[in-house]
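# What the coordinates show
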Amino acid sequence: MNLEVNIAGVVLKNPVMTASGTFGSGMEYAELMDPGLLGAIVTKGVASVPWPGNPGPRIAETASGMLNAIGLQNPGVDTFVKRDLKFLEQYPDTRVIVNVCGHTEEEYLEVVDRLADEERVDLLEINISCPNVREGGLAFGQNPKTAEAITKSVKRHAKQPVIMKLSPNVTDIREMARAAESGGADAISLINTITGMKFDIMRRKFALANRTGGLSGPAIKPVAVRMVYEAAHTVSIPVIGMGGIQTWQDAVEFLMAGASAVSVGTANFHDPEAAPKIVEGIRGYMERFGMESVSEIALTESGSASGAS
Amino acid sequence: MKYKEEAEILSQESLGEDIFSMWLRTEHIAKEAEPGQFLSLYCRDESRLLPRPISLCEIDRENCRLRLVYRIAGAGTREFAGLQAGDRITVLGPLGHGFPLAESGRALIVGGGIGVPPLLQLARELPGEKTLVMGYRSRTYLEQELRKEAPLVISTEDGSLGTKGNVIDAIRENHLTADTIYACGPLPMLRALKSFAQEHHMKAWISMEEKMACGIGACLGCVVTSRDIDDHSKVRNVRVCAEGPVFDAEEVIF
């Protein structure tokens, strides 16, 4: 048995990665867990220049979840290459997936070009689904035509395989998955956060300065599982599933729904060791069901799971 | 170094008005903690995902004990208040950068509301001449402990004790002067102290508060605007949990 998965020709030693924006580049977490245990690290979104993000408060807790409106604050690609990529060199067995954000197509391409010759970058994840920035982000991710167009442009420039990160804030996720695939995406990842709102009733204010934020955490998991299932049964490129994964049981659900790999996001805040624990949990599950590879976890078309207890 | 530990609760008591005092025993955290740093406390109820940042009120390094004095602000802190001696709680710490402890002339240590607790350990460790100024709504707490460390001036909003009004009123009424202010409390108080310090050419160190998610500098949830471009973020933002919670008042804009 082994836990390896192949995403667009890149082999991950296990199917567990971090979700962009919840883990930085691993620097802060390295004191509390071993980032080298992960299949891949998906970095915080990187733009062509430093972005200040939104005013605070940026965080609000909700029942079994949280809202965030960070607004993609990041130090820009130059600092990212010098500092973050350098830091990641110490984990050669863990793949590096750089999340790329931009306000315009040109800005996305600037980052993609800048990273083209960086050997430490194994895959690119193109963020067309951030609900917290006014331009770019979600503007590309809610319309199949623009999503397909940006995918095509990125693919013309990128030297690494491209994952398009999709938003759940759409009418039909299958259309968006198809658009990414026909644009030439090598994989898709979903779901980003679901747009939400919260009020502070005693202070009589919006809980977030941005008014709306992205909902994440276990509260969104059933929505995410459904969307991952729909996407995985629509396209033939790999799907990276995420949305409220806290435990290995949650991760297995996503893999059953057809995801090739999973990302752990908000759970990192609840337990810095959540992701490595999930790796071990998946291993245990596969042992129990006598599975040789992660792909066997997926529910087969006939409706019955492969393997037996 | 940060540690995630299962801390043992040694005691829990109410100090009145929804304020609780909890002593914890930790293996590593207490030994390395400094005044002004904080802990992240994790809820047992899994529907509350985010750790609660709570400042350190007292640090007993020798016996590996920490005291947290906190106000019930919601369901998470209510859960903590229900814990009893012998219970355990998952904590992460020590987090952030505390108050600078180098001698810097005469000091005014100023706290307001639930900003009072972290100043007790500071009052104990800060060298040199110091005066404490604490502002309360009405009832005081930690008053006896604070008096042991330095002369204490009190303000209450209802005038039931000390100066009627806020800490600035108390400072003016008592003609208090100093070279450096160390403060923790609500934003309006910190704003007032920042301008008071500017007027009187004093240095001010202030402890800020913001909603946090990770507590360790990764999520960028708790930033405040900084005067200068920050070396880490490359923008005019600093992280309360990492560069803070204590900042030079001149360096943050709020």
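## Examining the overall build of chain B
Counting its secondary structure elements, chain B contains six helices and 17 strands. Scaling as 2.2 N^0.38, a compact globule of 254 residues should have a C-alpha radius of gyration of about 18 Å, and chain B matches this with 17 Å. Dimensions of chain B, computed from C-alpha atoms along their principal axes, come out at roughly 50 × 45 × 35 Å. Sorting the 254 residues of chain B into buried and exposed places 59% on the buried side. Nonlocal contacts in chain B, meaning residues at least 24 apart in sequence, comprise 61% of its contacts between residues at least 6 apart. Taken as a whole, chain B presents about 10,200 Å² of accessible surface, with 47% of it coming from carbon and sulfur. With 30 positive and 37 negative side-chain charges, chain B shows a separation of 2 Å between the mean positions of the two kinds.

## Digging into the sheet that holds strand β15 (residues 237-239) of chain B
Residue and element names in this part refer to chain B. Within the open sheet, the three strands sit side by side as β15-β14-β17. Their pairing is antiparallel. Every other strand in the sheet has two partners, leaving β15 and β17 (252-253) as the edge strands with one partner each. Here two bridges tie strand β14 (residues 223-226) to β17, and the two strands are oriented antiparallel to one another. Within β17, the residue paired with Thr 225 across the bridge is Ile 253.

## Comments concerning the sheet that holds strand β14 (residues 212-216) of chain A
All names here are of chain A. Across the sheet, which stays open at both edges, the four strands sit in the order β5-β6-β14-β11 with antiparallel pairing between neighbours. Edge positions in the open sheet fall to β5 (59-62) and β11 (194-197), since each of these has one partner strand only. Ignoring which end each strand starts from, the neighbouring axes of this sheet average 40° apart.

## Details of the interface of chain B and chain A
Taken residue by residue, the interface counts 32 residues in chain B and 34 residues in chain A. Scanning the region where chain B abuts chain A turns up four salt bridges. Ionic pairing is found between B:Lys4 and A:Asp271, a salt bridge with its closest N-O pair at 3.0 Å. The interface formed by chain B and chain A includes twelve residue pairs in polar contact (both at pLDDT 80 or more). Secondary structure elements with two or more residues in the side of chain B that touches chain A: β1 (3-16) and β15 of chain B. The residue makeup of the side of chain B that touches chain A, split by class, is 16 nonpolar, six polar and ten charged.

## Considering the confidence of the model for chain A
Per-residue pLDDT for chain A has a mean of 95; in total, 97% of the residues score no lower than 70. Counting contacts from residues 304-309 of chain A, a segment whose pLDDT is below 50, to residues more than four positions away or on other chains yields ten contacts.

## Some remarks on the state of the cysteines
Residue and element names in this part refer to chain B. In this structure the tally under the stated criterion is zero disulfides over all chains. Summary of cysteine pairing: Cys 43 is not part of a disulfide, and the nearest cysteine sulfur, belonging to Cys 219, is at 16 Å. A disulfide-free cysteine, Cys 214 has its sulfur positioned 3.8 Å from the sulfur of Cys 219, the nearest such atom. Note on Cys 214: relative accessible area 3%, which makes it buried.

## Observations regarding the pattern of salt bridges
Within this structure, the stated rule accounts for 36 salt bridges over all chains. Here A:Lys221 and A:Glu253 are joined by a salt bridge, their closest N and O atoms 2.7 Å apart. With A:Lys221 in helix α6 (residues 221-232) and A:Glu253 in helix α7 (residues 248-256), this pair connects stretches of sequence that are 32 residues apart. Assessed through its relative accessible area of 13%, A:Lys221 is described here as buried. The class of A:Glu253 is partly exposed, set by a relative accessible area of 35%. Here the salt bridges share partners, and the residues they tie into one network are B:Glu58, B:Arg67, B:Arg124, B:Glu145 and B:Glu149.

## A closer look at the environment of B:Tyr136
Residue and element names in this part refer to chain B. Structurally, the position occupied by Tyr 136 is in strand β9 (residues 130-136). Contact partners of Tyr 136, with chain neighbours within four places excluded, come to Val 116, Tyr 141, Leu 146, Ile 154, Ser 155, Thr 156 and Glu 157. Among the polar contacts made by the side chain of Tyr 136, one reaches the main-chain carbonyl oxygen of Tyr 141 at a distance of 2.8 Å.

## Some words on the packing of aromatic side chains
With the rule as written, the count across this model stands at nine aromatic pairs over all chains. With centroids separated by 5.4 Å and ring planes inclined at 85°, the aromatic side chains of A:Tyr108 and A:Phe140 adopt a geometry described as edge-to-face. With A:Tyr108 in helix α2 (residues 105-115) and A:Phe140 in helix α3 (residues 138-141), this pair connects stretches of sequence that are 32 residues apart. Side by side, A:Tyr108 and A:Phe140 carry an identical accessibility label, which is buried. Each ring, one from B:Phe99 and one from B:Tyr182, has its centre 6.2 Å from the other, and the planes form 65°; the classification is edge-to-face. Within this pair, whereas B:Phe99 is found in the loop between β7 (88-95) and β8 (107-112), its partner B:Tyr182 is found in strand β12 (residues 180-184), the two being separated by 83 residues in sequence. Taking the relative accessible area as the measure of exposure, B:Tyr182 reaches 1% and is therefore buried. Here the aromatic residues A:Trp248, A:Tyr285 and A:Phe289 are joined through ring pairs into a cluster of three or more. Lying over the aromatic face of B:Tyr42, B:Lys4 brings its terminal NZ or CZ to 5.2 Å of the ring centre. Over the ring of B:Trp23 we find B:Arg65; its NZ or CZ atom is 4.1 Å from the centre of that ring.

What counts and what doesn't
- Residues numbered from 1 in each chain as written.
- Chains lettered and ligands numbered in written order.
- Predicted model: local features only at pLDDT ≥ 70, side-chain atom pairs only at ≥ 80, totals over all residues.
- Heavy atoms only, no water.
- Helix = DSSP H or I, 4+ residues; strand = E, 2+ residues; numbered from the N terminus.
- Rg over C-alpha atoms; globule rule 2.2 N^0.38 Å.
- Buried < 20%, exposed > 50% of the residue type's maximum accessible area, 1.4 Å probe, protein only.
- Contact = heavy atoms within 4.5 Å.
- Areas by Shrake-Rupley, 256 points an atom, 1.4 Å probe, with all protein chains shown as cover.
- Lys, Arg positive; Asp, Glu negative; His and termini not counted.
- Charge placed at Lys NZ, Arg CZ, Asp CG, Glu CD.
- Pairing = 2+ DSSP bridges.
- Axes fitted to C-alpha atoms, helices over the stretch in contact; angles between N-to-C directions.
- Salt bridge = Lys/Arg side-chain N within 4 Å of Asp/Glu carboxyl O.
- Polar contact = N/O pair within 3.5 Å; in protein donor to acceptor, adjacent residues only side chain to side chain.
- Nonpolar A, V, L, I, M, F, W, Y, C, P; charged D, E, K, R; others polar.
- pLDDT = per-residue confidence, 0-100.
- Disulfide = S-S within 2.5 Å.
- Phe/Tyr/Trp six-rings, centres within 6.5 Å; stacked < 30°, edge-to-face > 60°.
- Lys NZ or Arg CZ within 6 Å of the ring centre and 35° of its normal.

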